[in-house]
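Spelled out, the chains give:
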Amino acid sequence: METGSRCCPVVLCLALVAVLSPVLGLGEDLDRPLFGPPGSPVPLHDSDPGLKKALEFAEERYNRGSNSMHLRRVSRFISATKQLVKGIRYTITVELSNTQCKKSSMLRTCDFYPESQKLKTEVCVFEVWDIPWQGTSTLLKQKCQPRAEPHVEETAKSGEPSTSQPVEEPVELLGQFKEFMVKYNKVYSSQEEANRRLRIFHENLKTAEKLQALDQGSAEYGVTKFSDLTEEEFRSAYLNPLLSQWTLYRPMKPASLARGPAPASWDWRDHGAVSSVKDQGMCGSCWAFSVTGNIEGQWFLKNGSLLSLSEQELVDCDGLDQACRGGLPSNAYEAIEKLGGLETETDYSYTGRKDKCDFTSRKVAAYINSSVELSKDEKEIAAWLAENGPISVALNAFAMQFYRKGVSHPFKIFCNPWMIDHAVLLVGYGERKGIPYWAIKNSWGEDYGEQGYYYLYRGSNACGINRMCSSAVVN
């Protein structure tokens, strides 16, 4: 459906309602069948057997990653759709509430608390990808927030225009959008597309405001070069869903602990072990940038020369990973060992898409002997980093789309540590005005964050930063 049109074909309108139902709470209006093109979302009743299985899976993963003492269960079904995409992708909106059962209990039935204040009800959106013929399920997305009071919801429904209707945008918003387009050289194919991007931009401003209001650190969120992308577009173009699929992770040998405690602060940029910030473009190759950044540091520490190594070699030649569709650092290390090493960025330059492997062994500039997995204790991670060099890590990047500067410390509902989807390079740590942080080299260009860097709160395992820490070994 094109922005600004007064009517639309029935098929597209119904498809739009299905897509928007989790957001607008329209599940009750979706009892009729939906007819649409192959692959379009289809609304589901809560009695659907596949949906029940997907919801049980999502509920189990939620409880596994929650810090709550009590099990939380679905207290109200709101809406759900399914979509055929190399399997079945379920998008489910429900309310979750506290039960009286502790997680350690093995009871078959768990009653909800009778007192409403103890329920602590959240509205959650889950995306589950189920591949029945493989017997596998993956939680692609989990986004929960406290349920608003009824009068707040009514105000929002009556006060906000429907996203499917044309609206008169305030002058201030149009000015912000124009500045955004000029700053980031944005050009759209039509007026309809520009109108659509303006609506997305407006919604993203609201999301950034929520992040800002709830941030526990010193971060500033707002307009970034990703502000005209939906969450789905951003995730598919820049992030790496394979990182949260633990069944794919290759076990690695553990790293030895650091010989001494961590100093108060450390930054490998000050010691020459970190190359300039790079840009992965619209390719989910963050895993390759994280690993090459680590190897650049390891090679520098062993040989005294800082080389900019080739990510494109991994995108093209790593048969264990999926190029722009994601990958795992553990696989990348193994692929580099098999290839015999990495060429330099100059000899094998980055294109941001998968091409035919053009690796030449005589051009190898750096090699590795093995790889190790680090402790999940942040103090031990800091000590190891100061002693051994930058570390390949992964994290949940939800708050990163709108990050501008400062120390980011999102609430856990925005940054579930089990849902890591972006690989980066940990280069240092310290404090800013009493707030402990990790200094993280990103791969979205120098026009992202603080000259290409993201600063994340240190000490609470924020956004799962401690869950997948690894390093190459150069003897």
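Residues numbered from 1 in each chain as written. Predicted model: local features only at pLDDT ≥ 70, side-chain atom pairs only at ≥ 80, totals over all residues. Heavy atoms only, no water.

Where an unreviewed UniProt entry is consulted, the chain appears under the name Cathepsin F, with the organism given as Anabas testudineus. Turning to the chain, the UniProt record has this under Catalytic activity (unreviewed entry): "The recombinant enzyme cleaves synthetic substrates with Phe and Leu (better than Val) in P2, with high specificity constant (kcat/Km) comparable to that of cathepsin L." According to UniProt, the comment filed for the chain under the heading Subcellular location (unreviewed entry) is "Lysosome". (UniProt positions renumbered as here; feature names shortened; annotations may be inferred.)

**Q** How should I be thinking about the packing of helix H8 (residues 286–303) against helix H10 (residues 329–339) in this particular structure?
**A** Helix-helix packing is characterised by the crossing angle of the two axes and by the distance between the axes. Interaxial distance between H8 and H10 falls to 9 Å at its minimum, and their mutual angle equals 60 degrees. In terms of their interaxial angle, H8 and H10 are classed as oblique. Handedness of the H8/H10 crossing: right-handed. For the pair formed by H8 and H10, the contact residues are Trp287, Val291, Asn294 and Ile295 on the first element and Pro329, Ala332, Tyr333 and Ile336 on the second. Here the residues of the contact of H8 with H10 sort into seven nonpolar, one polar and no charged. (Axes fitted to C-alpha atoms, helices over the stretch in contact; angles between N-to-C directions. Helix = DSSP H or I, 4+ residues; strand = E, 2+ residues; numbered from the N terminus. Parallel < 35°, antiparallel > 145°, perpendicular 65-115°, else oblique. Left-handed = near helix turned anticlockwise from the far one by under 90°. Contact = heavy atoms within 4.5 Å. Nonpolar A, V, L, I, M, F, W, Y, C, P; charged D, E, K, R; others polar.)

**Q** Explain helix H7 (residues 231–238) to me, please; I cannot follow it from the model alone.
**A** All of the buried residues along H7 are Phe234, Arg235, Ala237 and Tyr238. Next to the buried residues of H7 lie strand S3 (88–102), strand S4 (122–131), strand S5 (136–146) and strand S13 (422–432). (Buried < 20%, exposed > 50% of the residue type's maximum accessible area, 1.4 Å probe, protein only.)

**Q** Mind showing me how you'd approach the layout of surface pockets here?
**A** A water-sized probe rolled over the atoms picks out the places where empty space is left. Looking at the second largest pocket, its volume works out to about 1,000 Å³. Contributing to the lining of the second largest pocket are 32 residues, with Trp129, Leu140, Pro241, Leu242 and Gln245 lying nearest its centre. Among the elements of the structure, helix H2 (49–65), S4, S5 and H7 are those that each provide at least two residues to the lining of the second largest pocket. Split into classes, the residues belonging to the lining of the second largest pocket amount to 13 nonpolar, 11 polar and eight charged. Two domains each donate at least three residues to the lining of the second largest pocket, and these are domain 1 (42–146) and domain 2 (231–473). (1 Å grid on protein atoms, 1.4 Å probe; cavity = no way out; pocket = protein on both sides within 12 Å on 5 of 7 lines; lining within 4 Å. Points joined across faces, edges and corners; volume = space filled by probe spheres on them. Domains from an automatic or database assignment.)

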